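Here are the chains, one letter per residue:
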Amino acid sequence: VQTPNLEPKGIQGLGKAIKRKEDARFIVGKGNYLDDINLPGMLYMALVHSPYAHAKILNIDTSEALKIPGVKAVITAKDLAAAGLSWIPTLAGDKQMVLADGKVLYQHQEVAAVYAETRQAAADGAAAVQVEYEPLPVVVDPYKATAPDAPVLREDIKDQMSGAHGPRRHPNHIWTWEVGSKDETEKALAQSEVRIKQHMVYPRSHPAPLEPCGCIGDMNRATGRLTVYMTTQAPHAIRTVLSLVTKIPENNIRVISPDIGGGFGNKVPVYPGYVCAIVGSIVLGAPVKWVETRTENLTTTGFARDFHMDIEIGATKDGRVTAMKVYTLADHGAFDAAADPSKYPAGLFSICTGSYDFQKAYAQVEAVYTNKAPGGVAYRCSFRVTEASYLIERSMDVLAHELKMDPAELRLKNFIQPHQFPYPSALGWTYDSGDYEKTLKVALERIGYHELRKEQAEKRARGELMGIGISTFTEIVGAGPSKDFDILGIKMFDGAEIRVHPTGSAIVRAGTRHQGQGHETTWAQIVSEELGLDVDKIIVEEGDTDTAPYGLGTYASRSTPTAGGAMALAARRIREKAKKIAAHLLEVGENDVEWVDKKFQVKGVPGKSVTMNEVAFAAYTNPPPGLEPGLETTYYYDPPNLTFPHGAYVCVVDIDKGTGEVKVRRFVAIDDCGTIINPMIVEGQVHGGLTEGFAMAFMQEIAFDEQGNHLASNFTDYLLPTALETPKWETGHTVTPSPHHPIGAKGVGESPTVGSPAAFVNAVVDALAHLGVRHIDMPITREKVWRVLRSAGID
Ligand code: MCN
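Predicted model, so just to flag it, every value in this text is computed and none were measured.

A. How the structure looks around the overall build of the chain. A tally of regular secondary structure across the chain gives 18 helices and 34 strands. Along the first, second and third principal axes, the C-alpha set of the chain runs to 85 × 75 × 50 Å.

B. Up close: the UniProt feature "domain: Aldehyde oxidase/xanthine dehydrogenase a/b hammerhead" (unreviewed entry) in the chain. Per the UniProt annotation, the sites labelled "domain: Aldehyde oxidase/xanthine dehydrogenase a/b hammerhead" (unreviewed entry) are residues 28-137. Secondary structure content for residues 28-137 is 19% helix and 36% strand, while the C-alpha to C-alpha distance between its ends is 52 Å.

C. Summary view of the sheet that holds strand E30 (residues 605-610). Sheet architecture is open: 3 strands sit in the order E28-E29-E30, paired in antiparallel fashion. In this open sheet, the two strands that pair with only one neighbour each are strand E28 (593-596) and E30. Each adjacent strand pair in this sheet contributes to an overall mean axis angle of 45 degrees, direction not counted. Pairing between E28 and strand E29 (residues 599-602): 4 bridges, direction antiparallel. Its bridge partner being in E29, Val 596 is matched across the sheet by Lys 599. In the packing of helix H14 (residues 559-586) onto the sheet, the strands contacted are E28, E29 and E30, and the crossing angle to E28 comes to about 120 degrees.

D. Inspection of helix H12 (residues 449-461) at higher detail. Helix length check: H12, at 13 residues, gives a terminal C-alpha distance of 19 Å against a target of 18 Å (1.5 Å per residue), a fit within 8%. A positive backbone phi angle near 85 degrees is found at Gly 463, which sits one or two residues after H12.

E. View of the pairing of strand E15 (residues 253-256). Judged from the 4 bridges that link them, strand E14 (residues 225-230) and E15 form a sheet pairing that is parallel. Within the sheet, the bridge partner assigned to Val 228 lies in E15 and is Val 255. In terms of handedness, the path from E14 via helix H6 (residues 235-246) over to E15 forms a crossover that is right-handed.

Basis of the calculations
Residues numbered from 1 in each chain as written. Predicted model: local features only at pLDDT ≥ 70, side-chain atom pairs only at ≥ 80, totals over all residues. Helix = DSSP H or I, 4+ residues; strand = E, 2+ residues; numbered from the N terminus. UniProt positions renumbered as here; feature names shortened; annotations may be inferred. Pairing = 2+ DSSP bridges. Axes fitted to C-alpha atoms, helices over the stretch in contact; angles between N-to-C directions. Contact = placed C-beta atoms within 7 Å. Expected span 1.5 Å × (residues − 1). Right-handed = clockwise from strand over helix to strand, strands pointing away.

The following block contains the structure:
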């Protein structure tokens, strides 16, 4: 066998805008999504849903369903109880019924599961199950949920006057959480020269990924091994929870998360459909597939936001903020499914002091049950940062208006300054780094802020409506560190494995699970950078618990801060061993070898060097005596802190006085996510995130009527922006590396969704401010603006 050519040809490390390696298979239709997987003898499952938001179940008659040709079985809560699987722990540790038992708590709640030989027979079977209900009074408004006469929703815990996070003051009260010093904050507010108060609602929303959720349970009775194919963003955590719940040893469970057609947080929780598919397979001894319909996805899975917020901010007359106090009511629906770390029941909402140097702050969040599907789940972002950023960025504009100050000037006056980092925030975080002033100035310059203000004044004089909105948000991403972060007791960190082969190619695996974020490219770039290997010869694999190292998954922009760090440190560990091999090949001592220009060379002798490919070959064919052969490692990285990306967004809108139509004329987004691994991927993430922020600001709301009927169960009611509605995004970057991350990178995926809604709303309110408008809740539909204009006397 001839020695191969060991000269790397395509090292593409950090900062290279290479095309996504994974896209080729998606573009030619070779992706492998859950519904592409078909197993021999597979059965299909369909679910029966409740038409009522709150009702007693008097009887379930499955006899007609069982007569349908092809239908094999129907299960209800009783059968699950017999198997000891009637409830699942939500990510917040609440007990969510897999199938409704005795009563339903929200419209579309799962009542029975039907298994059949074909998808159609399963659907027909579900339609034939007859359920007799007795409707009960409904609670939709979270402010009425804990009224003395409110109907009790959760009979199972109604007498528990204490929960995981302290006392419960009503059967529909879940928890109250507070942070900061109330007394000191109230005192500072009382002494403030200027005070503003504002109520605002972040409406219930849904990520609506194009691929709905699905699961195939495959219990092999001969081997006792359960293989679960699942559209999940966190396969390892799912395996652990499955093992704990089913008592099947964890090594006998394999969770495979195939290609995912968008997650956005929707594919983090465990849903009843998943459990029923797995239970069906265990009971029936055949693989069982369940794939949601669009309506099921929009009515039962993963609802986010639903935050009803009141804020008070104090300031000096010349615009220096002094204190802020926040009270929030969180509507968590019928089961508390919030994907929040145990220590932080309101997630990272306490980032609500934002980019500003608040000396005093206090926040209280109270969560309640209502007759809606489980809420508080992730949607770009997980941990309530979206709500927090919207609250503070909207409020800074309210304050600027009160002070008659330019909103950019107010922000510049109050930013945390670069020399203040690491910055201890009044609500307990230690911000790692940032340069807010620089980023805002880049954004203002790029959009031509001062000219726009002049244009606005001229237009206003002519009676035209034009507005400019700013948002200068601070994000908080990278859950762990494990000392502070766990979900259901599972600590948060992430693993990376690198196996370098003799001929200089490598397989790299991580415990994260991308759903479109480009990890197959960016992880390869980190390894290419650190090891000097060809990026095209590095394959990245995620999503199979049998092969990938343990990790907590992909959401909350945590992958780069956690797995990205693990990948760099795994590569560095490999480099340490490689150095010993290089010294052997170069016939010098290890201390005489240095890593220069992605090669090992004899110190000060550039002509005497070896590539990593040569080292890899030697690791298997000619290892130094006494050194273990091979070149591979697994590294678990537990970050010392979160990372704090930030950004400055500026939006310009024109409003049609006749119709209320808002046109986003320009949107400049300057993001700072520290060291950039792949600028093209980051730009793609920013485009996608801004589009979701735009949808929330102007188009989307999961609304209910007074009977708890869900009013947004398909894409004609819950609107997704198409290319026609989406503005042209103008993006750019500043770079403030994270001082503690191995490559200085911070997350970026959720930043644009976190930061942009306030910029849109601020722009609209700015256009209408001279008419006395101070705030409009999202979604700002044409009708809402039209009504505001009419009530302001504009025809
Ligand atoms: N990146 C980079 N340089 C940085 C930071 C990130 O090149 N300084 C790259 C990363 O390496 C990765 C991508 O940008 O390829 C996103 O990285 P990161 O910010 O770490 O976020 P995650 O990979 O953890 O993805 C989660 C985030 C969230 S919270 C949601 S929700 C979301 C999102 O990303 N869902 C998405 N982006 C999505 N994009 C698609 N296409 N589909 C989804 O479901």
